[in-house]
Amino acid sequence: MPGQPALTLNTGRLSQSRPRRVDVVLNCGVGAQAGKREALEAAWPGLTGLRWVHSASAGLEHLLFPALVQAGAVQLTNAKGVYSHSLAEYAVFCMKYFALDLPRVLRAKGAGMWDPFTVEELRGKTLGVVGYGDIGRACAKLAKAQGMRVLALRRSPEKSRNGPLLDEAVGPEALCELAARSDYLLCATPHTPATDKIVSGEVIAAMPAHAVFVNVGRGKCVDEASLIAALRAGLIKGAALD
């Protein structure tokens, strides 16, 4: 909106230069520098002409409050896809970390010891993707390039029929089955009431003993107590958390 007044929400407070009327709010920053829900909510009663709120990050749960959600006249947008490729590369790195047994390599390096051993390949392994949105698709694309078989959980699996990246798509009712068939189980979901602890203790228990769990979604989507218990008991090979 060229020429329209705007406020920037950063470091937890609204910028000091406040025009008489605000059409747009930009919520930006990362981590401790990110704009906070509290700051926007406190300013909300005075933003009577507001038309658009944009978040410079992909997630929105840190920003939402009832008045914003219910404001039908205010457009709410986010930076969907901005981190997808970076997270996909991270997910592949995590899988290679376990396939190559990188800790063993580093121990041998630290000891100055030549210690050859047989490593695994990702080629031919199965990646199960929980949450086939923009990040999930980016992960699937790189996994296919590694020669992996890719399964995905979708609310509407029929939308992925004949898709170039997936070998198979299943519905939510088949999550435990998906986990049981996966060498690497990847969670890439936002946190919503529907995805709260979607990777439950039952799902973790269904994973094979050689399987690795990778989370590039929100931590609240995982039953962390069950994951910790499974790792301590050696019920799964490992976990990589973003």
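Bear in mind the structure is a predicted one, so any value in this text is a computation, not a measurement.

Undergrad: With reference to specific residues and values, describe the overall build of the chain.
TA: From N to C terminus, the chain includes eight helices and eleven strands. For the chain, the residues scored as buried account for 40% of the 242 residues in total.

Undergrad: Tell me about the sheet that holds strand 11 (residues 238-241), residues and numbers included.
TA: Reading across the sheet, the six strands line up as 8-7-6-9-10-11 and stay open at both edges, with parallel pairing between neighbours. The sheet terminates laterally at strand 8 (168-170) and strand 11, the two strands that pair on one side only. The mean angle between the axes of side-by-side strands here comes to 20°, regardless of whether they run parallel or antiparallel. Here helix 3 (residues 84-99) sits on the sheet in contact with strand 6 (126-130), strand 9 (184-187), strand 10 (212-215) and strand 11, set at roughly 155° to strand 11.

Undergrad: Quick rundown of the nonpolar core? Include the residues and the values.
TA: With 28 residues, the main nonpolar core has Met95, Leu127, Tyr184, Leu186 and Val214 as its most contacted residues. Elements supplying a minimum of two residues to this core: helix 3, strand 6, helix 5 (134-145), strand 7 (149-153), strand 9 and strand 10. At eight residues, the largest contribution of residues to this core is made by helix 3. Excluding its chain neighbours within four sequence positions, the residues that come into contact with Tyr184 are Met95, Ala99, Glu120, Leu122, Lys125, Thr126, Leu127, Gly128, Met148 and Val212.

Undergrad: Can you explain helix 3? Please cite residues and give values.
TA: Over its 16 residues, helix 3 extends 23 Å from the first C-alpha to the last, a length consistent with the 22 Å expected when each residue adds 1.5 Å. Restricting attention to buried positions, one finds in helix 3 the residues Ser84, Leu87, Ala88, Ala91, Val92, Cys94, Met95, Phe98 and Ala99. Buried residues in helix 3, looked at end-on, bunch into an arc of 155°, giving them a common side. Those residues of helix 3 that are buried lie in contact with strand 6, helix 5, strand 9, strand 10 and strand 11. Count one or two residues on from helix 3 and you reach Asp101, which has phi positive near 50°.

Undergrad: For the packing of aromatic side chains, give the residues involved together with the corresponding values.
TA: Overall, the coordinates contain three aromatic pairs when judged by the stated rule. Residues Trp44 and Phe65 carry aromatic rings whose centres are separated by 5.4 Å and whose planes lie at 85° to one another, so their mutual orientation is edge-to-face. Here Trp44, found in the loop between helix 1 (37-43) and strand 4 (52-55), pairs with Phe65, found in the loop between strand 4 and helix 2 (66-70); they are 21 residues apart in sequence, far enough to count as distant. Comparing Trp44 with Phe65, the two get one shared label, buried. The structure contains a cluster of three or more aromatic residues connected by ring pairs, namely Phe93, Tyr97 and Phe98. A cation sits over an aromatic face here: Arg137 above Tyr132, 5.9 Å from the ring centre.

Undergrad: If you had to explain the pattern of salt bridges to someone new, which residues and values would you point to?
TA: Within the structure shown, the criterion is met by eight salt bridges. Here Arg51 makes a salt bridge to Asp23, at a shortest N to O gap of 3.8 Å. Residue Arg51 is located in the loop between helix 1 and strand 4, and its partner Asp23 is located in the loop between strand 2 (13-14) and strand 3 (24-27); the two are separated by 28 residues in the primary sequence. In this structure, the salt-bridge partner of Glu177 is Arg181, at a minimum N-O distance of 3.5 Å. Since its relative accessible area comes to 32%, Arg181 is described here as partly exposed.

Conventions we followed
Residues numbered from 1 in each chain as written. Predicted model: local features only at pLDDT ≥ 70, side-chain atom pairs only at ≥ 80, totals over all residues. Heavy atoms only, no water. Helix = DSSP H or I, 4+ residues; strand = E, 2+ residues; numbered from the N terminus. Buried < 20%, exposed > 50% of the residue type's maximum accessible area, 1.4 Å probe, protein only. Pairing = 2+ DSSP bridges. Axes fitted to C-alpha atoms, helices over the stretch in contact; angles between N-to-C directions. Contact = heavy atoms within 4.5 Å. Core = buried A, V, L, I, M, F, W, Y, C linked by side-chain atoms within 4.5 Å. Expected span 1.5 Å × (residues − 1). Arc of directions from axis to C-beta. Phe/Tyr/Trp six-rings, centres within 6.5 Å; stacked < 30°, edge-to-face > 60°. Lys NZ or Arg CZ within 6 Å of the ring centre and 35° of its normal. Salt bridge = Lys/Arg side-chain N within 4 Å of Asp/Glu carboxyl O.

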